[in-house]
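# Structural description and commentary
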Amino acid sequence: MVSPPEDAGPGGRGAVLADPAGARVRLWQARRRPGAQAVNEPGDHLESSVDPEICTRQAQAPDGFEHVIGSLAALPEGEAPRWHVAFTVADRDDAAATAERLGGTVLGTSDTDWTRTATVRDP
């Protein structure tokens, strides 16, 4: 544990942990500040991707697969372990510009046959 659980006023309670590889993650127990109010917006990501048949091909996956909000991913050689959150947005470039306008930093963008992503660090 990096920082033990402590109250953050009436908003909630938080703690900072480190996983076995040393990557830090912050936990939040909401009270008056409930956190995310919308998830999986602006729609079903898998069905609206460039591969609308993916759900059919993934039929053997567990129920709710299309709503997965966390997973483990292998990192490139030499890259430090980390935690991150991915959001589906209607327009990657607009969302990245908004993040910058609000004080974030766009670390990079990537376009593949499947996705257009931006990696953004909050202030």
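### A look at the environment of Trp-28
Looking at the element boundaries, Trp-28 is found in strand E3 (residues 24–30). The exposure class of Trp-28 is partly exposed, given its relative accessible area of 32%. For the pair Trp-28 and Asp-7, spaced 21 residues apart in the sequence, the C-alpha separation amounts to 10.0 Å. Filtering out sequence-adjacent residues up to four positions away, Trp-28 remains in contact with Ala-8, Gly-11, Gly-12, Arg-13, Gly-14 and Arg-33.

### Focus: the confidence of the model for the protein chain
The pLDDT averaged across the protein chain works out to 81; a share of 80% of its residues lies at or above 70. Highest mean pLDDT in the protein chain belongs to helix H3 (residues 92–101) (96); lowest belongs to helix H1 (residues 45–48) (60).

### Here's the deal with the pairing of strand E2 (residues 12–18)
Bridge count between strand E1 (residues 3–7) and E2: three bridges; the pairing is antiparallel. Looking across to E2, one finds that Glu-6 is bridged to Gly-14. In terms of strand pairing, E2 meets E3 through seven bridges, oriented antiparallel. Its bridge partner lying in E3, Ala-18 is registered against Arg-24. Hairpin geometry of E2 and E3 is characterised by an intervening segment of five residues between the two adjacent antiparallel strands and by a positive phi of about 95° at Gly-22.

The rules behind the values
Residues numbered from 1 in each chain as written. Predicted model: local features only at pLDDT ≥ 70, side-chain atom pairs only at ≥ 80, totals over all residues. Heavy atoms only, no water. Helix = DSSP H or I, 4+ residues; strand = E, 2+ residues; numbered from the N terminus. Buried < 20%, exposed > 50% of the residue type's maximum accessible area, 1.4 Å probe, protein only. Contact = heavy atoms within 4.5 Å. pLDDT = per-residue confidence, 0-100. Pairing = 2+ DSSP bridges.

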